[in-house]
Every structure is written in structure tokens, then in C-alpha cells.
Amino acid sequence: MRECCGVFGVYAPGEDVARLTFFALFALQHRGQESAGIATSNGKRLQVHADMGLVSQVFSEDSLSQLAGDIAIGHNRYSTRGSSQIYNAQPLVLGKAPNTIAIAHNGNIVNAEHLHKELSDRGYAFRTSTDTEAIANLILSSHEKDWVDRIRYAMRRLQGAYSLVLMTNHKLFGVRDPFGVRPLCLGTINGGWVIASESCALDHIGANFIREIEPGEIVSIGENGVDSYQEESERRATCIFEYIYFARPDSVINGRLLYPARQAMGHELAQEYPVDADLVMGVPDSATAAGIGYSQCSNIPLCEGLLKNRYVGRTFIEPDQRIRDLGVKLKFNPLPQILDDKRVVVVDDSIVRGTTTPKVVKLLQRAGAKEVHMRICAPPIRYPCFFGVDMASRWELIAAQKTIPEIRDFIGADTLGYLSIDGLVKAVALPKDIFCMACFTGDYPIPVQLEMDKLALETAPAEYLSPFGIRQ
Ligand code: SF4
């Protein structure tokens, strides 16, 4: 499963806004590793530097020094729509002066193809294959004069998930879709303002967290400060996976710090699936806190049985299966001296396709573990995501194909326990109805997505439809 993207914006005259954006993107690197970019405005024109690679690979002192201005936006990309190519790297700069905008997007627009066709027919040229360009062209196509009205026009046409930062020559905007699927927050820095996907980015650059941007809210920042505009929001649908895996544990979403929420997932797992064992470990880093929680609740000692190589880059540095297969070995090294002859509880964040977990189990068994008991912080993922998370098509999801005992046998574990939906909600300690949990339940906040799911099923290779066929 891959994260979506990270976005950041800063309005701070007199500050080195490009450098601030660089360090904020560095803190948001976990949200996207394929490309990175920064755009700045000096009040007269917008300029951008974006390229493929990690933030530290894309920028140098030289490239940052070229990005002068008082306003900046930045983006870390993992491609959810549009291929992983330099021309798709964000921020995108579009429009003709004086109506030029720079835009960076986290999420996925489900009616992007329809909008793309409509705007193409109206003469708007597209130079990328991203849904972000459809958003930008929709904003630019509005006949309204005021930028907030233009954004409002676009919001009424857009379906899907979008946390956006946008910049004109003189203003910075933050926009969150009416469901609030992806996070977005507001902070201050030295008299200026910042917007970020996650609050951890604010901490790292010394900014003060003010509040989260509300679902359906537009925040407009200029020389007179911050103005807020609210579009109608019928239902909240914050992605529950932000709590399980995507966001950093030191971030705050919906007022809840993620680290204790993840610890509580481990507590709940220990209560739902107790087992006699010698050691507990969380798969680093996303399940570390949940592993601690399981250990605390079960009184089984905590250990580090797998060490993660943090310098190898990400497992998903290239989105192809062969590299992904190699990735587990590149990423983890087991500790036989700790694991030998032990019954080990292994807490992990999720099982998606079921390609990584059997390798982790085998690594531990080869290192001497006598029993491996897998405990998963998420309920079984049976439906794909259309909200900006590239997990898989439905026919690739192991829990859509197999029963839980079959999955246990497939991954080679002695026992397997998935956290229940109620256990997950209890751990997050927020009302159930503010979350999207469609990948567990199939209850999508937007009905059109079911049609996309049906299409995905129809195009699944025949071998994936039996013996655990999903057309029945
Ligand atoms: S379908 Fe799952 S991954 Fe996608 S937004 Fe909803 S909860 Fe998150």
C-alpha cells in the first residue's frame, strides 16, 4: 500500500520560504517518494523546481537559492493517478499572466476523466496525466473574478478527495474536500502562515500549530492575514488509514495524536487475540507503537526482532513487483540471537495483497522463531480505495479472495488476528461516523466509486476469479 502525497504552503514575507518548504517536505517524505517540487512567488511571477526523487535528491543549495519570494508551496508525490514521470511532478504552474496559479494536491478525483474531457472540449490543453491539472483548469475556467469564488466553483464540480495548496502571485490558499478525506492543517511562523498535510511538518520547522482546516473549508492567506470560507459538508469521511499507517505517529489528526491511537490498537489486538508467547514485536516503523501496546496489555516482553535499514530508501522505490519482492530483504534484517526458539507475536499495520507478509514470516522463522503469531492493526481489506491510496484492485486484495484461515496458511503464520472495526474505532477514540472505512466495508462516501470497482472486477484476469472468485 502506498501513501498518497504530502503538501505544504507558506506565506511569510521576509523569510526564506523555499528553504522552509524544503524542510517541511523533508518531514513529509513518508507521504510520497517519487518526485518533489517547490514553487515560489515573488509577487510578479511564479517559478518552480520539481524533479523525480526524494526531497534531498531533488534540491541543492543552488536550486533553493533560485526560488526567491514571499510565498511558496511544495509537494511530495506518490502517483495515484498519472504515471510516475517528470512531467507529472508537482507543483504544477498553469494559466496565463496575470491569472497564473501553482497547485499541489493530495488525494484522488474520481470524476477526473469526465472533467478532463469536458475541459479539453472547451480548449484547455493538458500537459500531464494527473487529476491535479483537471482541478487547476477547472479553477482557471471559472468566469468568477475572485480566486475564492473560482475555487468554490471548482469544489462544486469535483468529486473525490483533495487537500490542496494553491498559490497566485499574491496569495496562498489551502483547500480541503467536503469529506475531509486527507488531512490538512494551519499554523503560524514568525508572523507568517503555513499549511501542511500533517502537523509533524510544522513541528520540524518551528511553526506553531493553530488548527486543522475543516472539511469543505477554503483558507485564503494574504497581506491582511487569514480568511476562511466554508462550503457545505454533509458527511465527514476522514481516511482511517491515516491513523493506522499513512500519517506519522507524531502528527495530530481530528485532535488526536496518532502515537497513542496506534498504541491503543495494540491494546485492542491483545484483548481480541490473546496468545501464549515469549516475545512481542511491531514491524518497524509503522507498527512499532502498536507492538508496544500489545506488549503492555499482554505483559509479554517487547523485543526488536527485525531491524530496519533506514538508509536503503523505501521498499516501494519503484512500483513494480520484482523490486517489491526484493524490498523486504533489503529493508529488514532479523536478529536470530533474539528470536531463536521463541514464540513471537508480530504486530503489523495491514495486509493488502499478501505479498510482503509471507516474506516477513519466513524471515523470522529462518532466524529461529518457533511460532509466529501475526496480529494486524487493520480489519481485512476487501475493497479498493478510490480516494488517493494506491493499494490494489479488488482482485489483488488477498482478503477479497481468501478466508482468514486461508490467509493464515498462505502467509505461513501459526495464528492470525485482524483487529475488528469496533476495536479500531475504540483505539482511535473518535466517533465512528467521521471516518471512511470503505476498504473494509465497501461503503464508499461517493456512490460512483462502486461503478469503478465493478469495472475493475470486469477487467480482472480470469485466474484471479477462481477458486476464490469475487463475482459470486
Ligand atoms: S477506502 Fe480505505 S484507504 Fe481509501 S480513503 Fe477510505 S479508509 Fe482510506
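Preceding this paragraph is the structure being described.
These notes cover the structure that comes with them.

### A short note on the pairing of strand β17 (residues 279-282)
Judged by which residues are buried, β17 turns out to be covered on both faces: Leu-279 and Met-281 on one side and Val-280 and Gly-282 on the other are all buried. Taken together, the four bridges between β17 and strand β20 (residues 343-348) define a ladder with parallel strand orientation. Across the sheet, Met-281 pairs through a bridge with Val-346, a residue of β20.

### As for a nonpolar patch on the surface
A contiguous nonpolar patch, built from Met-52, Ile-86 and Tyr-87 and spanning about 260 Å² of accessible area, is present on the exposed surface. Examined against the element boundaries, Met-52 turns out to sit in strand β3 (residues 46-52). Note on Met-52: relative accessible area 30%, which makes it partly exposed.

### Structural notes on helix α5 (residues 131-141)
Think of an α-helix as turning once every 3.6 residues; residues three or four places apart then point the same way. Among the eleven residues of α5, eleven are classified as buried, and the element is accordingly described as predominantly covered. Considered for burial, the residues of α5 that qualify are Asp-131, Thr-132, Glu-133, Ala-134, Ile-135, Ala-136, Asn-137, Leu-138, Ile-139, Leu-140 and Ser-141. Residues of α5 that are buried in the fold lie against β5 (92-94), β6 (101-109), α4 (112-121), α6 (147-157) and β7 (160-167).

### Concerning the nonpolar core
With 51 residues, the main nonpolar core has Phe-241, Ile-244, Met-265 and Phe-440 as its most contacted residues. Taken together, the elements giving at least two residues each to this core come down to α8 (241-246), α9 (258-272), α10 (288-298), β20, α16 (421-428), β23 (435-436) and α17 (438-441). The contact partners of Phe-440, leaving out residues within four places of it in the chain, are Ile-240, Phe-241, Ile-244, Ala-378, Pro-379, Pro-380, Ile-381, Tyr-383, Ile-421 and Leu-424. If you look at the next biggest cluster of nonpolar residues, it comprises 28 residues, including Val-10, Phe-22, Val-194 and Ala-201.

### A look at the environment of Ser-141
Relative to the elements of secondary structure, Ser-141 occurs in helix α5. In this structure the C-alpha to C-alpha distance between Ser-141 and Ala-154, which are 13 residues apart in sequence, comes to 8.8 Å. With residues near it in sequence (within four places) discarded, Ser-141 still touches Leu-119, Arg-122, Tyr-124 and Tyr-153. A distance of 2.8 Å separates the side chain of Ser-141 from the backbone oxygen of Leu-138, its partner in a polar contact.

### Observations concerning the environment of Glu-272
Within the secondary structure layout, Glu-272 lies in helix α9. Exposure remark for Glu-272: the relative accessible area of 28% places this residue in the partly exposed category. As a C-alpha pair, Glu-272 and Ser-420 span 148 residues in sequence and 8.2 Å in three-dimensional space. Once residues within four sequence positions are removed from consideration, Glu-272 is found in contact with Tyr-418, Leu-419, Ser-420 and Gly-423.

### Things to note about the pairing of β6
For β6, a buried count of nine out of nine residues is recorded, marking the element as mostly surrounded by other parts of the structure. One ladder, built from three bridges, connects β5 with β6; its direction is antiparallel. In the sheet register, Leu-94 faces β6, and the bridge partner there is Ile-101. Between the end of β5 and the start of β6, which pair antiparallel, lie six residues, with Gly-95 showing a positive phi angle near 95°. By the bridge criterion, eight bridges tie β6 to β7 in an arrangement that is antiparallel. What sits directly across from Asn-106, in β7, is Ser-163.

The rules we used
Residues numbered from 1 in each chain as written. Predicted model: local features only at pLDDT ≥ 70, side-chain atom pairs only at ≥ 80, totals over all residues. Heavy atoms only, no water. Buried < 20%, exposed > 50% of the residue type's maximum accessible area, 1.4 Å probe, protein only. Helix = DSSP H or I, 4+ residues; strand = E, 2+ residues; numbered from the N terminus. Pairing = 2+ DSSP bridges. Patch = residues over 30% accessible without salt bridge, like charges linked within 9 Å, V, L, I, M, F, W, Y side chains within 5 Å. Areas by Shrake-Rupley, 256 points an atom, 1.4 Å probe, with all protein chains shown as cover. Salt bridge = Lys/Arg side-chain N within 4 Å of Asp/Glu carboxyl O. Contact = heavy atoms within 4.5 Å. Core = buried A, V, L, I, M, F, W, Y, C linked by side-chain atoms within 4.5 Å. Polar contact = N/O pair within 3.5 Å; in protein donor to acceptor, adjacent residues only side chain to side chain.

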